[in-house]
Amino acid sequence: MQQNRQVTIFSPYMRQMPVLFHRASKLPQVNDPSDLTGHTLAAERGTGAASALLGHNSGLLSAQVTLFNSGMDAAAAVLQGQAEAAYVLRSQAEAATAQSKAKPEHFVITPLRLTGLPDNGWPLGMAIKSNYKHLGQALDAAMQALRDNGELLAMFKSRGLTLTAP
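Here is what the cut-offs are and how they apply
Residues numbered from 1 in each chain as written. Predicted model: local features only at pLDDT ≥ 70, side-chain atom pairs only at ≥ 80, totals over all residues. Heavy atoms only, no water. Patch = residues over 30% accessible without salt bridge, like charges linked within 9 Å, V, L, I, M, F, W, Y side chains within 5 Å. Areas by Shrake-Rupley, 256 points an atom, 1.4 Å probe, with all protein chains shown as cover. Salt bridge = Lys/Arg side-chain N within 4 Å of Asp/Glu carboxyl O. Helix = DSSP H or I, 4+ residues; strand = E, 2+ residues; numbered from the N terminus. Pairing = 2+ DSSP bridges. Axes fitted to C-alpha atoms, helices over the stretch in contact; angles between N-to-C directions. Contact = heavy atoms within 4.5 Å. Parallel < 35°, antiparallel > 145°, perpendicular 65-115°, else oblique. Nonpolar A, V, L, I, M, F, W, Y, C, P; charged D, E, K, R; others polar. Buried < 20%, exposed > 50% of the residue type's maximum accessible area, 1.4 Å probe, protein only. 1 Å grid on protein atoms, 1.4 Å probe; cavity = no way out; pocket = protein on both sides within 12 Å on 5 of 7 lines; lining within 4 Å. Points joined across faces, edges and corners; volume = space filled by probe spheres on them. Left-handed = near helix turned anticlockwise from the far one by under 90°.

Draft legend 1. Seen up close, a nonpolar patch on the surface. A contiguous nonpolar patch, built from Y132, L135 and L139 and spanning about 260 Å² of accessible area, is present on the exposed surface. Topologically, Y132 is positioned in the loop between β7 (122-129) and α4 (133-148).

Draft legend 2. Main features of the sheet that holds strand β5 (residues 85-89). Strand order in the open sheet formed by five strands is β4-β3-β5-β2-β6, and the pairing between neighbours is mixed. Edge positions in the sheet fall to β4 (65-68) and β6 (107-111), since each has one partner strand and no second. Strand-to-strand twist across the sheet, computed as the mean angle between neighbouring axes with direction ignored, equals 30°. Strand contacts of helix α1 (residues 48-59): β3 (41-44), β4 and β5, with the helix running at about 145° to β3, the strand carrying the most contacts. Docked against the sheet, helix α3 (residues 90-100) engages β2 (18-23), β3, β5 and β6, running at close to 115° with respect to β5.

Draft legend 3. A look at the packing of α4 against helix α5 (residues 151-158). Packing of α4 against α5 brings their axes to within 5 Å, and their N-to-C directions diverge by 70°. Regarding the angle of α4 to α5, the classification is roughly perpendicular. Of the residues in α5, those in contact with M143, L146 and R147 of α4 are E151, L152 and M155. Looking at side-chain class alone, the contact of α4 with α5 contains four nonpolar, no polar and two charged residues.

Draft legend 4. Broad picture of α3. Considered for burial, the residues of α3 that qualify are Q92, A93, E94, A95, A96 and T97. For α3, the secondary structure elements touched by its buried residues are β2, β3, α2 (71-79), β5 and β6. Remark: K101 follows α3 within two positions and exhibits a positive phi of approximately 60°.

Draft legend 5. Local environment of empty space enclosed by the protein. Enumeration according to the criterion identifies one cavity of 30 Å³ or more in this entry. Elements with a minimum of two residues in the lining of the largest cavity: β1 (7-16) and α3. Each residue belonging to the lining of the largest cavity can be placed in one class, and the counts come to two nonpolar, four polar and three charged.

Draft legend 6. Just the packing of α2 against α3, in detail. Where α2 contacts α3, the axes come no closer than 8 Å and their chain directions differ by 55°. By the criterion of interaxial angle, the relationship of α2 to α3 is oblique. Where α2 crosses over α3, the handedness of that crossing is right-handed. Of the residues in α3, those touching α2 at G71, M72, A75, A76 and L79 are Q92, A93, A95, A96, T97, Q99 and S100. Taken together, the residues that form the contact of α2 with α3 break down as seven nonpolar, five polar and no charged.

What follows is the structure in structure tokens.
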């Protein structure tokens, strides 16, 4: 029995990555998850990042982790001094920093690999119902135009975000 695809995913425009967002004064450098021992941590409830952090090394860090309803809230906990580090998406850390108008030099974004998450993150793109091919082609062309004329990069920069290659 052959199944038809119901959705087409296309036009990747960025790569999403979980990162450790931390206060430079409390955690100036993190090379390994063991460097987090003894520090207050935050993560978004129900996410792979939270599961990876809570489960790291058989739950070594779990007593130190506070779960928040969103990654933005977890990042805000770092900005407000309620946590020393948050394991969130790069976009969440950057957006929270930009919205709070915090001084970026007081905070660090460190790539931190934890078991159970893709080594290189995952691409983000668009999706449509498969039978709307013309719409997909039009959206793909529009996205390419935004890339080519620099508007996509400008949109990211205006919100304090890094546009990472998919």
